[in-house]
Amino acid sequence: MEYQILVINPGSTSTKIAIYHNEKLLFEENISHSTEELSKYERIIDQLDFRKEMVIKTVKEKGFSLEELDAIVARGGLLRPLSGGTYRINQQMVNDLKEGVQGEHASNLAGLIAFDLASKLNIPAFTVDPVAVDEFIPEARISGIPEIERRSLSHALNIKATARQAARDLNLSFSECNFIVAHLGGGISIAPLLKGRIVDVNNANESGPFSPERCGQLPVGDLVRLAFSGKYTFRELKKRMVGQGGLTAYLGTNNCQEIEEKIKAGDEKVAEVYHAMIYQIAKEIGAMATVLKGEVDAIILTGGLAHSKMVTDGITEYVQYIAPVKVYPGAMEMLALCQGALRVLRREEEPLEYIVEGVK
Ligand SMILES: Nc1ncnc2c1ncn2[C@@H]1O[C@H](COP(=O)(O)OP(=O)(O)O)[C@@H](O)[C@H]1O
Ligand SMILES: CCCC(=O)OP(=O)(O)O
């Protein structure tokens, strides 16, 4: 059987759209959104129509028709904690994405767009390895106060897909080796994979290193003081932390190529902030090596920032004592989503059902 599949992947700084014919890429468009463009939306859910229209327009402009599609597959969002795999998007999932049961995030929009378009076309909509994939070991859940649990929210899709590719490239079995995968994008997830499972990870929205547009882990006392200072509303402070934090807060942009130009031109202040991000990434990789008790087959750097030699060389200098560093620039998310849908369409795998206990 032949399948034409639309892949939709909204990230914090971009919307990626692709059409595949089986595994063959027919087109891929990566539309970047500036901090300014997105800052006019109060909440991420407010971007729904903007991002949906962008998908419809892009498909048309590329000379394709939605009516030719056999399925739509979308990056999964902040759903309830769930195991990895391919899920058919159902009404319960749509409700949870709209509500943002584990918080707001651009990937919550993908399933909503896919479900809406697919329902009108009478074709299935899927999601694969959503952000909420949870394979934590019990000790990774404990935060330090019982009211707050550490949660598994990460770039699970790209982390797993890149780790599988690295295992193939190293001639290792994915389920038998240990990796630390650092997804370095608008947000940063650093995950130790113990025999293929993400047993811990910083929550890319609230913890770990600061990133091009997120604050990462903050000193808690100062954060509480800031929250009660009257300077920010709840929503404003959240936006400051995710979207307008990190490099954006210090340097006014999430565009690392622009930042690197300034560094090359000799701007020492910019270099200091950029180096601090690299330093924090390396420190988190070191922490995750401890989770794996030092038994690390490779450290894998992926995501948009892995295109930068300044970043990958900077990190490598700190962490190469742990294990060999492998660089996979960009993200394999689009192909991984397509392949997840194909496995189900070809009946190689049963789609998983998103069921919430006690809700019909
Ligand atoms: N060649 C490059 N050099 C430096 N930074 C880059 C390069 N390409 C992309 N980036 C940075 O990567 C980040 C986006 O990563 P990406 O994984 O595409 O984003 P998202 O998290 O939105 O999916 C941006 O901060 C961008 O400036
Ligand atoms: C919460 C982890 C997922 C994430 O942050 O994705 P983006 O970087 O694409 O926003």
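Conventions and cut-offs
Residue positions are given per chain, counting from 1 as you read along its sequence in written order. The lettering of chains begins at A and the numbering of ligands begins at 1, in the order of writing. Local features in this predicted model are restricted to residues of pLDDT 70 or higher, and side-chain atom pairs are both shown and tallied only at a pLDDT of 80 or more, whereas totals for entire chains, interfaces and linings draw on every residue. For the purposes of this entry, the term helix denotes a DSSP run of H or I that reaches at least four residues, the term strand denotes a run of E that reaches at least two, and both are numbered from the N terminus. C-alpha atoms define the radius of gyration, and 2.2 Å times the number of residues to the power 0.38 defines the globule rule. Field definition: a residue is buried when 20 or more other C-beta atoms are found within 10 Å of its C-beta, exposed when 12 or fewer are, and partly exposed for counts in between, with C-beta atoms placed from the backbone. Defining nearness, a residue is near a molecule or strand when the C-beta atom obtained from its backbone falls within 6 Å of it. Under the grouping applied here, Gly and all other residues not named as nonpolar or charged are polar, the nonpolar ones being Ala, Val, Leu, Ile, Met, Phe, Trp, Tyr, Cys and Pro and the charged ones Asp, Glu, Lys and Arg. Strand pairing is assigned whenever DSSP identifies at least 2 bridges connecting the two strands. Lines are fitted to the C-alpha atoms to define the axes, a helix being fitted only along its stretch in contact, and any angle between axes, read from their N-to-C directions, falls within 0 to 180 degrees. Domains are outlined according to an automatic or database domain assignment. What counts as a contact is two residues whose backbone-derived C-beta atoms lie within 7 Å of each other. Note on scores: pLDDT gives the predictor's confidence for each residue, bounded by 0 and 100. Under the convention used throughout, the expected extent of a helix is 1.5 Å for every residue step, that is, one less than its residue count. Working definition: the arc comes from the directions between the helix axis and the C-beta atoms, pointing outward to the latter.

### Some words on the overall build of the protein chain
Helix and strand content of the protein chain: 12 helices and 11 strands. Relative to the compact-globule value of 21 Å for 360 residues, the protein chain shows a C-alpha radius of gyration of 20 Å, a close match. Referenced to the eigenvectors of the C-alpha coordinate spread, the extents of the protein chain come out at roughly 55 × 50 × 50 Å. Split into buried and exposed, the 360 residues of the protein chain put 45% on the buried side.

### A short note on the site of ligand 2
Around ligand 2, the surrounding shell holds 15 residues, and the nearest of these are Gly11, Ser12, Leu153, Gly187 and Ala204. Taken together, the residues of the shell around ligand 2 break down into 4 nonpolar, 11 polar and no charged.

### Some thoughts on the site of ligand 1
Ligand 1 sits among 19 residues. The nearest are Gly11, Gly185, Gly186, Cys256 and Gly304. Looking at the shell around ligand 1 element by element, the count peaks at 3 residues for helix α9 (residues 256-264). The class makeup of the residues in the shell around ligand 1 is 4 nonpolar, 14 polar and 1 charged.

### Points about the pairing of strand β3 (residues 24-32)
Relative to β3, strand β2 (residues 14-21) is paired through 8 bridges, and the arrangement is antiparallel. Residue pairing across strands places serine 14 opposite serine 32, the latter belonging to β3. Taking the residues between adjacent antiparallel strands as the criterion, β2 and β3 are bridged by 2 residues, where asparagine 22 takes a positive phi near 50°.

### Focus: the sheet that holds strand β9 (residues 197-198)
Here 5 strands make up an open sheet; going across it, the order is β9-β8-β7-β10-β11 and the pairing mixed. Looking at strand neighbours, the two that pair on one side only are β9 and β11 (325-329), the edges of this open sheet. The pairing of strand β7 (residues 178-184) with strand β8 (residues 188-194) spans 7 bridges and is antiparallel. Bridge pairing in β8 places isoleucine 180 opposite proline 192.

### Considering the sheet that holds strand β1 (residues 4-10)
Spatially, the 6 strands line up as an open sheet ordered β3-β2-β1-β4-β6-β5, and their pairing is mixed. Edge positions in the sheet fall to β3 and β5 (86-88), since each of these pairs with one other strand and no more. Sheet twist, expressed as the average angle between the axes of neighbouring strands with direction ignored, equals 20°. Taken together, the 7 bridges between β1 and β2 define a ladder with antiparallel strand orientation. Opposite valine 7, over in β2, you have alanine 18 as the bridge partner.

### Points about the domain arrangement of the protein chain
The assigned domain composition of the protein chain is domain 1 (4-135 + 334-345) and domain 2 (156-330). Every contact between the two is made by 16 residues of domain 1 and, on the other side, 16 residues of domain 2. Taken together, the residues that form the side of domain 1 that touches domain 2 break down as 6 nonpolar, 7 polar and 3 charged.

### With respect to the environment of leucine 218
Positionally, leucine 218 belongs in the loop between β9 and α6 (220-227). C-alpha separation for the pair leucine 218 and glycine 208, spaced 10 residues apart in sequence, amounts to 9.0 Å.

### Some words on the confidence of the model for the protein chain
When pLDDT is averaged along the protein chain, the result is 95; 99% of the residues meet or exceed 70. For this predicted complex, the interface confidence score (ipTM) comes to 0.98, while the overall pTM stands at 0.90.

### Overview of helix α2 (residues 48-61)
Under the 1.5 Å per step criterion, the end-to-end length of α2 is 20 Å for 14 residues, consistent within 8% with the ideal 20 Å. Those residues of α2 lying buried are Arg51, Val55, Thr58 and Val59. The buried residues of α2 occupy one face: seen down the axis, they fall within an arc of 100°. In this structure, α2 carries Asp49, Glu53, Lys57, Lys60 and Glu61 as exposed residues pointing more than 90 degrees from its buried face. Summarising the contacts, the buried residues of α2 are in contact with β1, β2, β3 and α4 (108-121). One or two positions beyond α2, positive phi appears at glycine 63, with a value near 85°.

### As for the pairing of strand β6 (residues 125-128)
Residue alternation in β6 divides its side chains into two sets, Ala125 and Thr127 and Phe126 and Val128, and both sets are buried. Two elements, β5 and β6, share 3 bridges in a ladder whose sense is antiparallel. When the sheet's bridge partners are listed, tyrosine 87 is paired in β6 with threonine 127.

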